[in-house]
Amino acid sequence: MTSIAIIGAGPGGLLCARMLQQHGIDATVYDSDASADARDAGGSLDLHADTGQIALADAGLLEAFLAVARVEDQAKRSVDRHGTVLGSFVPDEQDTAAPEIDRGQLRALLAAHVRPESVRWGHKLTAATPIGGGRHRLTFANGTITEADLVIGADGVWSRVRPLLTDAAPEYSGVSFLDVRYDDADRRHAGLDRLVGKGHLFARGDDGNAIIAQRNSNNVIRGYVAMRTEPGWAARAGVDVGDPGALRAYLKERFAGWSADLVPFLTDSDGYVDRAIWFLPTPLTWVPNPGVTLLGDAAHAMGPFGGYGVNLALLDAAELAHAIAGEASVDAALRRYEPGMQARAATLAKGSNAATRSFFGIDVENDPDPAMPDQAASHRAYEQGAARYRSERAFTGDWTIAFQTGGGTQVAELAIRATGDGVTGSLDGRPFDSATLDGDELRFKARITSPFPAKLACTATVDGDTLTGTAKHPVLTVGFTGARKH
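Residues numbered from 1 in each chain as written. Predicted model: local features only at pLDDT ≥ 70, side-chain atom pairs only at ≥ 80, totals over all residues. Heavy atoms only, no water.

The name given to the protein chain in an unreviewed UniProt entry is Flavin-dependent monooxygenase, with Winogradskya humida as the source organism. The heading Sequence similarities (unreviewed entry) in the UniProt record of the protein chain holds the text "Belongs to the aromatic-ring hydroxylase family. TetX subfamily." Entered under Function (unreviewed entry) in the UniProt record, the comment concerning the protein chain runs "An FAD-requiring monooxygenase active on some tetracycline antibiotic derivatives, which leads to their inactivation. Hydroxylates carbon 11a of tetracycline and some analogs." (UniProt positions renumbered as here; feature names shortened; annotations may be inferred.)

J.: Just checking my understanding: could you explain the overall build of the protein chain for this structure?
T.: When you go through the protein chain residue by residue, the secondary structure sums to 13 helices and 26 strands. Over its C-alpha trace the protein chain gives a radius of gyration of 25 Å, about what one expects of a compact globule, namely 23 Å for 486 residues. The principal-axis extent of the C-alpha atoms belonging to the protein chain is close to 85 × 55 × 45 Å. Residue burial in the protein chain is summarised as follows: out of 486 residues, 49% are buried. (Helix = DSSP H or I, 4+ residues; strand = E, 2+ residues; numbered from the N terminus. Rg over C-alpha atoms; globule rule 2.2 N^0.38 Å. Buried < 20%, exposed > 50% of the residue type's maximum accessible area, 1.4 Å probe, protein only.)

J.: Which parts of the structure should I look at to understand the environment of L66?
T.: Here L66 shows up in helix α3 (residues 62-68). A residue is classified by how much of its surface remains accessible, and L66, at 32% relative accessible area, is partly exposed. It is 9.0 Å that separates the C-alpha atoms of L66 and I101, two residues lying 35 residues apart in sequence.

J.: Is there a simple way to explain the sheet that holds strand β1 (residues 4-7) in this structure?
T.: Either a parallel or an antiparallel arrangement is found when strands of a sheet pair, and the pairing is made through backbone hydrogen bonds. Strand order in the open sheet formed by 5 strands is β7-β2-β1-β11-β17, and the pairing between neighbours is parallel. Edge positions in the open sheet fall to β7 (119-120) and β17 (292-294), since each of these has one partner strand only. Summarising the sheet, strand β11 (residues 150-153) and β17 pair through 3 bridges and their orientation is parallel. Looking at β17, one finds that V151 is bridged to V292. Lying over the sheet, helix α1 (residues 11-22) contacts β1, β2 (28-30), β7 and β11, oriented at roughly 155° with respect to β1. (Pairing = 2+ DSSP bridges. Contact = heavy atoms within 4.5 Å. Axes fitted to C-alpha atoms, helices over the stretch in contact; angles between N-to-C directions.)

J.: Just to check I follow, could you spell out the layout of surface pockets for this structure?
T.: Unoccupied space between atoms shows up once a probe the size of one water molecule is rolled over them. Space inside the second largest pocket adds up to approximately 1,600 Å³. For the second largest pocket, the lining is made up of 40 residues, of which E319, Y389, R393, T396 and A418 are closest to its centre. The set of elements that each furnish at least two residues to the lining of the second largest pocket consists of α11 (308-326), α12 (330-359), α13 (375-395), β18 (397-405) and β19 (408-419). Counting residues per element, the lining of the second largest pocket draws most heavily on α13, which supplies 9 residues. Residues of the lining of the second largest pocket, tallied by class, amount to 13 nonpolar, 13 polar and 14 charged. (1 Å grid on protein atoms, 1.4 Å probe; cavity = no way out; pocket = protein on both sides within 12 Å on 5 of 7 lines; lining within 4 Å. Points joined across faces, edges and corners; volume = space filled by probe spheres on them. Nonpolar A, V, L, I, M, F, W, Y, C, P; charged D, E, K, R; others polar.)

J.: Sorry if this is basic, but what is going on with the packing of aromatic side chains here?
T.: One pair of aromatic rings is described through two measures. These are the centre distance and the angle between the planes. Tallied over the entire structure, the rule returns 13 aromatic pairs. Relative to W258, the ring of F255 has its centre 5.0 Å away and its plane inclined at 65°; by these criteria the two rings are edge-to-face. In this structure, F255 and W258 share a single accessibility class: buried. A connected cluster of aromatic rings, assembled from ring pairs, spans F177, Y224, F305, F359 and F360. Positioned over the ring face of F359 is R204, at 4.4 Å from the centre of the ring. (Phe/Tyr/Trp six-rings, centres within 6.5 Å; stacked < 30°, edge-to-face > 60°. Lys NZ or Arg CZ within 6 Å of the ring centre and 35° of its normal.)

J.: I tried to follow the pairing of strand β25 (residues 466-473) on my own but got confused; where do I start?
T.: On a regular strand, one side chain projects to one face of the sheet and the next to the other, so that they alternate. With burial as the criterion, only one face of β25 is covered, namely that bearing L467, G469, A471 and H473; the residues T466, T468, T470 and K472 on the opposite face remain uncovered. Pairing of strand β24 (residues 454-463) with β25, which is carried by 7 bridges, proceeds in the antiparallel orientation. Along β25, the bridge assignment pairs T461 with T468. One ladder, built from 8 bridges, connects β25 with strand β26 (residues 476-484); its direction is antiparallel.

J.: Would you take a moment to explain the UniProt feature "domain: FAD-binding" (unreviewed entry) in the protein chain for this structure?
T.: Annotation from UniProt places "domain: FAD-binding" (unreviewed entry) at residues 2-216 and 292-348. Within residues 2-216, the helical portion is 21% and the strand portion 33%, while the C-alpha atoms at the span's ends are 41 Å from each other. Structurally, residues 292-348 is divided into 74% helix and 5% strand, and its ends, taken at the C-alpha atoms, are 24 Å apart.

J.: Is there a simple way to think about the nonpolar core in this case?
T.: Proteins that are soluble and globular tend to have nonpolar side chains buried together. Counting residues in hydrophobic clusters, the biggest one holds 66 residues, and the most contacted among them are I4, I6, L15, L20, L110, I152 and I324. The element contributing the most residues to this core is α11, with 8 residues. Contact partners of I6, with chain neighbours within four places excluded, come to G13, C16, A17, L20, A27, T28, V29, Y30, I152 and A154. Core analysis: the second largest hydrophobic core is formed by 27 residues, L192, A203, W233 and L247 among them. (Core = buried A, V, L, I, M, F, W, Y, C linked by side-chain atoms within 4.5 Å.)

J.: When you look at the pairing of β11 in this model, what are you seeing that I'm missing?
T.: Here β11 shows a buried face lined by L150 and I152 and a second buried face lined by V151 and G153. Direction of pairing for β1 relative to β11: parallel, over a ladder of 4 bridges. Bridging from a neighbouring strand, I6 pairs with I152 of β11.

J.: Mind showing me how you'd approach the environment of A127 here?
T.: With respect to the element layout, A127 can be found in strand β8 (residues 125-132). Residue classification places A127 among the partly exposed positions, given a relative accessible area of 28%. Along the chain, A127 and F140 lie 13 residues apart, while their C-alpha atoms are 7.0 Å from each other. For A127, the contacting residues outside a window of four places in its chain are R137, L138 and T139.

J.: Sorry if this is basic, but what is going on with the packing of α11 against α12 here?
T.: The contact between α11 and α12 brings their axes to 9 Å, and the two run at 170°. Considering the angle they form, α11 stands roughly antiparallel to α12. As for how α11 packs across α12, the hand of that crossing is right-handed. Residue-level contacts link Y308, L312, L315, D316, E319, L320, H322, A323, I324 and G326 of α11 to A333, L334, R336, Y337, M341, R344, A345, L348 and S352 of α12. Its residues assigned to classes, the contact of α11 with α12 shows 12 nonpolar, 3 polar and 4 charged. (Parallel < 35°, antiparallel > 145°, perpendicular 65-115°, else oblique. Left-handed = near helix turned anticlockwise from the far one by under 90°.)

Spelled out as structure tokens, the structure:
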């Protein structure tokens, strides 16, 4: 039996373990934290209908997510440094395109649905060493040494697994965030509580400074004091981030001229954590290496704008688990998983990184656009993307189909591969001449040689593991049905 080690018990690592276990495949997760709640996991996340929510549904956890998610906190408002409103978005009551959940809540939800004995807390990976045949020896800081047939790096931007596949290194974005937090918001921070309202508040200056605040659960507001700055900015400025008084004085000077209503975001935080923003090069690909792969930020760390990071990590995890369960070997599973993951991430990373730089006035010819992105359009795109993804997955597979002709039943083998890049496939080994997927309907043209040479124009729909359709050629139309091969 293949031994699988997942490095990192973040959302991606835990969901991958959950789904492998659902398929009856053992996997062990290793994480440096002492427990799922040993540290502050950070602020709020929005899980998109076309990525994160699909993965949770695959894992049987979508209802559990929706039970604690906050639909109302999808709202967003953008202001300038004087507090002038530049744009706003309020979701409909039935809008579930991108509900919010606290990071800690998501991690706890996933951890609760993975077999407890399969997660090894307090295990910080220090070395992953190839030992031949695709196997790797894993060495941990606590002295544990183990071996695995497959190592899955779900260990973030500073992954210790990634060097097994590529020498690509994170690149500083030009932006650093100070993570800020305001507990008992309605009582202790009433002014900020009113300003944030539901969801997110984005306040941007014209000098590379910004404040991003977000509603969390349990009467907490969290956010980021964000700055376009060089790496190591605090040391260069002679500021100790651990000294709140000195840090607040620095921020008040740096954000001079900002609205007095916004200044408490700088001065009243219950704590500060310095978080520099790093990107991985994109597109990031690698030559497949037996027995090792990546998911989430370990494979495609990108900017925060768009909220793609955790969503891609979850979808990566689900697709990798499906591939491992569905293919005859680990190598075949990685060949199926990695190209699609890399292509999807490259497209989103390019846009996210560009948006991050534009928001802070980096690498742009003109001033950044002050207008807030069209959030309603984004939500429609998430829903449309979810429908398209499910349709592509429904058709993708190998089918045995039966044409009902006047001369009897003719059986053929049909292969369909539907992705965001289009549809390809073959009928009895001969490639489609063309194929399109329009909603829930697949159209393709293919040639047959039996019972006579002909070119068919086919239309098909799918319901689970059953395919139904018609095939036309110049003299007649016949129906066909198909069953998915497992």
